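Residue-level listing of the chains:
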Amino acid sequence: MESFGTDLRFAWRSLWKHPSLTLIAVVALALGIGANTAIFSVVQAVLLKPLPFPEPDRVIRLIDVAPDKLRAGATSPPDFADWQAQNRAFSHLAAIGTEFVNLTGEGEPERLYAGQVSGDFFGALGAKPLLGRPLLPAEDVAGGPNVAVLSSRFWQRRFGGDPGIVGRRLILNGEPTVIVGVVASSLDLPKGAELWLPLRLTVKEEQRGGHYLRVLGRLRPGVSLPRAQSEMSGIAARLAIAHPDTNTNWGIRLSPLRETMVENIRPALFVLLGAVGLVLLIACANVANLLLSRLAAREREVAVRTALGAGRGRLIRQFLTESTLLSLAGGLLGALLAAGGTPLLLALFGDRIPRAQEVGIDGAVLAFTLVLSLGTGLLFGLLPALHASSPNLQSTLRDGAKGAGDRRGRRTRSSLVFAEVALAIVLLVSAGLLVRSLRELQNVRPGFRSDHALSVQVALPESGYKEEPKQVAFYRDLLPRLAALPGVKSAAAGYPLPLSGNRYRLAFQAEGLPAEVTDLPRANMAFVSPDYFATLGIPLQQGRVFDGHEAIGGEKVTVINRTLAETIWRGQNPIGRRISFDVPVNEKSEWFRIVGVVGDVHHLGLDEDSGNQSYLPLFQSPISEAGLVVRTAGSPTGLAAAVTRTVRQIDPALPVADVKTLDALLADSVAEPRANAFLLSLLAALALVLSAVGVYGVLSYSVAERTREIGLRMALGAGAGQILRQLLREGLGIVLAGIAAGLLGAFFLARVLASLLFGVTTRDPLTFVGVPLVLLAVALIATWVPARRATKVEPVVALRYE
């Protein structure tokens, strides 16, 4: 301990003597360690931390897999009932639906996102309420009491964390509802739910083709996942035999709940984790180069200590103590940077990170930072320590004061710059691919005009709008009022709005075109008012759009998109043809006559095909929930209050939610790829700067080290141009070798990015050519400055230098 204390004091004095070098090293390390800490805090919360339930690995998601194997997700109520009745592998099996409910009564009306769950939901998770109790299976029956469990997030926001909340009544959709419990917001299932209500599922055989329920279960003790998978596959096979019209070739896939929650974000997090790791390696190489450069000035000190009896192990320990002090200081500063940067990281990704409320700098993250700091100190300190611990005593003691070059040290420093450049190329290529992908995505035409348009969401409660005529009357009354507002050019209603994240999808059959039921195409459905197409700027290509005369009980009509027309009729005129969504069709099936064809719209995302789309008239097929869109002559944001006021004039208790411009909806649809591209570009830029500093530092030191040599050559007749060319060759030779190695690595590692790219291949020639040119240009500047300075050496001064 006494020896360690001596090493520590000596290391502190040594670093304090060179404050500029110490500061540069600490800042470089802090940037690398801080970036790793921030990303790890997300990875730890999302991928590593177990779910907040007892035995979370036994909570399993049951996923219906469609015959084409490309679609997987929800199941139908009759299938869920059969799974419950026939399985023996699960102690609890629960279904989950979602709905928006209107909260009225106390305070401002509010639209809430609710999870509708069957009676076994809380039992399947094993979740314990913070207050009160969970929903009971006995309450999940038709005619049961109106009860609700609140999330702690909503409880705190709306009621200030009132401990007496259990037993209070809320007015949800016009009905009194008793609060029976509060659960932690970490139970974020479905994601974003603010309360949970009984599902009260009504099972009808005609619902078997409608897949909208998510299902999870808890495995019985002693039952393995493969055994449960085998049993559920057998159930799927039996259902296919019993119900060939709807279940043929449908399968069931089991997956741990945590895996399904993170499957979309996992690739991006792994890419970012790898990227910050590369940045830290580059920072380590830079600091190692700084220490190697400083060691040249300490060669005489090391040689004297060796001559006086200091062993190699003693010297290595001394230098590793110095590097560890640097890394711990960098780690402390990095932790502070991460604490400030993590909220910005979460804001950048928005609500796309599951369990985001659990992300933070906790004990596990600080332990990671400490281990990373210690490991980093060993990593960048070991090479200089080994180099310094084996000096050439005779040469150093005789010539050290004359600045004799150390070829071994020069080769080591050049190797580190080579590694920096190679790693930087990998990062720059990855960032270039994501930026190119984002640009391609943003260049996709959404199929509608997003400028000068404001959207809001309304949901009509069943208590006042249960009958369809009342729903139609509401929209017929509201839309003209909105269109008459000052600055409004037109107004429309529709559900779902493009890029809203909602989808209503059904199989359909075209009249006169025979098809096997299992091969029937599917179409996205939207319910729209007559002015919907004009307000959103969706072009009419054939026939007509709805004229407002469509009515309940009249002939059913529809407008389809170009893709559906070409999929079914392949160049023939679809106007006047009929399609039915009651499949398999029978004498009771409803048929919709096609009256128009409009352009394709990307409803689900710019990275997904528009697919088949059918629009139904809202005045003929009304629904309780809709998005209102107003197109304005000027800025739309100032109209939010006027739109809300107009809605309240018709129904004072009706909340207005999700007030957004269509431009914002469009921007939100590319938020995740934009965040990925931004973060990776930021890391790549940091890597580029660190690499340029490394190139500049090595060549600057080389010039200073070889001042006498350069002066001698110039005295013997070498021109400034010759000196300049030689130094540029040396510097750029290292850079070009690093670029070649980096391109080779990027060529293979780019495949990791494949799932994050759109419209760009992992072998994109523009990226693989442009990125090296950018780095080469930066390296040329970093090389030119010290090389140019070398040509200004005065031979007489250089030869007199001692």
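Residues numbered from 1 in each chain as written. Predicted model: local features only at pLDDT ≥ 70, side-chain atom pairs only at ≥ 80, totals over all residues. Heavy atoms only, no water.

1. Observations regarding the overall build of the protein chain
Then, number 1: Scanning the protein chain for helices and strands turns up 25 helices and 23 strands.
Then, number 2: The proportion of buried residues among the 802 residues of the protein chain is 51%.
Then, number 3: In the protein chain, once contacts between residues fewer than 6 apart in sequence are set aside, the share between residues at least 24 apart is 82%.
Then, number 4: Carbon together with sulfur atoms contributes 59% to the accessible area of the protein chain, which is approximately 35,100 Å² in total. (Helix = DSSP H or I, 4+ residues; strand = E, 2+ residues; numbered from the N terminus. Buried < 20%, exposed > 50% of the residue type's maximum accessible area, 1.4 Å probe, protein only. Contact = heavy atoms within 4.5 Å. Areas by Shrake-Rupley, 256 points an atom, 1.4 Å probe, with all protein chains shown as cover.)

2. Things to note about the environment of Ala-275
Then, number 1: Positionally, Ala-275 belongs in helix α9 (residues 266-297).
Then, number 2: Expressed as a C-alpha distance, the spacing of Ala-275 and Ala-684, which sit 409 residues apart in the sequence, is 8.2 Å.
Then, number 3: The residues touching Ala-275, leaving out its near neighbours within four places in the chain, are Leu-427, Leu-680 and Leu-683.

3. A look at the confidence of the model for the protein chain
Then, number 1: In the predicted model, the protein chain carries a mean pLDDT of 84, and the fraction of residues at 70 or more is 86%.
Then, number 2: For the stretch residues 400-405, pLDDT sits under 50, and the model shows nine contacts to residues farther than four places along the chain or on other chains. (pLDDT = per-residue confidence, 0-100.)

4. So, the pairing of strand β1 (residues 59-65)
Then, number 1: With seven of seven residues buried, β1 lies mostly within the body of the structure.
Then, number 2: Side chains Val-59, Arg-61, Ile-63 and Val-65 project from β1 onto one buried face, and the interleaved Ile-60, Leu-62 and Asp-64 project onto a second face that is buried too.
Then, number 3: Here six bridges tie β1 to strand β11 (residues 251-256), and the two strands are oriented antiparallel to one another. From the neighbouring strand, Arg-61 faces β11, where its bridge partner is Ser-255. (Pairing = 2+ DSSP bridges.)

5. Observations concerning the nonpolar core
Then, number 1: Grouped together as the largest cluster of nonpolar side chains are 83 residues, with contacts concentrated most on Leu-680 and Leu-775.
Then, number 2: Elements that contribute at least two residues to this core include exactly α2 (19-48), α9, α11 (312-349), α12 (363-388), α14 (407-442), α21 (671-705), α23 (720-749) and α24 (765-790).
Then, number 3: No other element matches the 17 residues that α9 contributes to this core.
Then, number 4: For Leu-775, the residues in contact, after removing those within four places along its chain, are Val-421, Ala-424, Ile-425, Leu-428, Leu-688, Val-735 and Ile-739.
Then, number 5: Of all hydrophobic cores here, the second largest spans 45 residues; its members include Ala-523, Phe-581, Leu-639 and Val-647. (Core = buried A, V, L, I, M, F, W, Y, C linked by side-chain atoms within 4.5 Å.)

6. Examining the pairing of strand β18 (residues 557-561)
Then, number 1: Counting buried positions over the five residues of β18 gives five, a clear majority of the element.
Then, number 2: Across the two faces of β18 the burial is the same, with Val-557, Val-559 and Asn-561 and Thr-558 and Ile-560 all buried.
Then, number 3: Pairing geometry for β18 and strand β20 (residues 592-598), over five bridges, is parallel. Following the sheet pairing, Asn-561 is matched in β20 by Val-598.
Then, number 4: Two strands pair when backbone bridges link them, and β18 and strand β21 (residues 613-617) are joined in this way by two bridges, in the antiparallel orientation. Bridge pairing in β21 places Val-559 opposite Tyr-615.

7. Here we look at the packing of helix α16 (residues 468-483) against helix α19 (residues 640-650)
Then, number 1: Between α16 and α19, the shortest axis-to-axis distance is 10 Å and the interhelical angle comes to 145°. Judged by the sense of rotation from one axis to the other, the crossing of α16 with α19 is right-handed. Packed against α16, whose contacting residues are Phe-474, Asp-477, Leu-478, Arg-481 and Leu-482, the element α19 presents Val-643, Thr-646, Val-647, Gln-649 and Ile-650 at the interface.
Then, number 2: In the contact of α16 with α19, the residues fall into six nonpolar, two polar and two charged. (Axes fitted to C-alpha atoms, helices over the stretch in contact; angles between N-to-C directions. Left-handed = near helix turned anticlockwise from the far one by under 90°. Nonpolar A, V, L, I, M, F, W, Y, C, P; charged D, E, K, R; others polar.)

8. A closer look at the packing of helix α3 (residues 77-86) against helix α6 (residues 225-242)
Then, number 1: For the pair α3 and α6, interaxial distance at closest approach is 11 Å and the crossing angle is 125°. Judged by the angle between their axes, α3 and α6 are oblique. The crossing of α3 and α6 is right-handed. Touching Asp-79, Asp-82, Trp-83 and Gln-86 of α3 are Met-232, Ile-235, Arg-238 and Leu-239, all from α6.
Then, number 2: Looking at the contact of α3 with α6 residue by residue, the classes come out as four nonpolar, one polar and three charged. (Parallel < 35°, antiparallel > 145°, perpendicular 65-115°, else oblique.)

9. Some remarks on a nonpolar patch on the surface
Then, number 1: A surface patch of nonpolar side chains, about 520 Å² in accessible area, is lined by Leu-23, Val-27, Leu-31, Leu-333, Leu-336 and Leu-337.
Then, number 2: If you list the elements that add at least two residues to the nonpolar patch, you get α2 and α11.
Then, number 3: Within the fold, Leu-333 resides in helix α11. (Patch = residues over 30% accessible without salt bridge, like charges linked within 9 Å, V, L, I, M, F, W, Y side chains within 5 Å. Salt bridge = Lys/Arg side-chain N within 4 Å of Asp/Glu carboxyl O.)

10. A look at the packing of aromatic side chains
Think of a pair of aromatic rings as described by two things: how far the centres are apart, and how the planes are tilted against each other in angle.
Then, number 1: If you walk through the whole model with that rule in mind, you get 15 aromatic pairs.
Then, number 2: On the basis of an interplanar angle of 75° and a centroid distance of 5.7 Å, the ring pair of Tyr-465 and Phe-474 is categorised as edge-to-face. In terms of burial, Tyr-465 and Phe-474 fall into one category: buried.
Then, number 3: The interplanar angle of 80° and the centroid separation of 5.0 Å between the aromatic rings of Phe-533 and Tyr-615 together place this pair among those described as edge-to-face. Of this pair, Phe-533 sits in helix α17 (residues 532-536) while Tyr-615 sits in strand β21, and the two are 82 residues apart along the sequence. Like Tyr-615, Phe-533 is buried.
Then, number 4: The rings of Tyr-532, Phe-533, Phe-546 and Tyr-615 are connected pair by pair, giving a single aromatic cluster.
Then, number 5: Residue placement shows Arg-111 over the ring face of Phe-100; its charged tip is 3.7 Å from the ring centre. (Phe/Tyr/Trp six-rings, centres within 6.5 Å; stacked < 30°, edge-to-face > 60°. Lys NZ or Arg CZ within 6 Å of the ring centre and 35° of its normal.)

11. Digging into the pattern of salt bridges
Then, number 1: Evaluation of the coordinates by the stated rule reveals 26 salt bridges.
Then, number 2: In this structure, Glu-110 engages Arg-157 in a salt bridge whose closest nitrogen and oxygen atoms are separated by 2.6 Å. Taken together, the residues Glu-110 in strand β4 (residues 110-117) and Arg-157 in helix α5 (residues 152-159) connect sequence positions 47 residues apart.
Then, number 3: Accessibility expressed as a relative area gives 15% for Glu-110, which makes it buried.
Then, number 4: You can call Arg-157 partly exposed: its relative accessible area is 45%.
Then, number 5: Between Arg-578 and Glu-511 there is a salt bridge whose closest N-O contact spans 2.7 Å.

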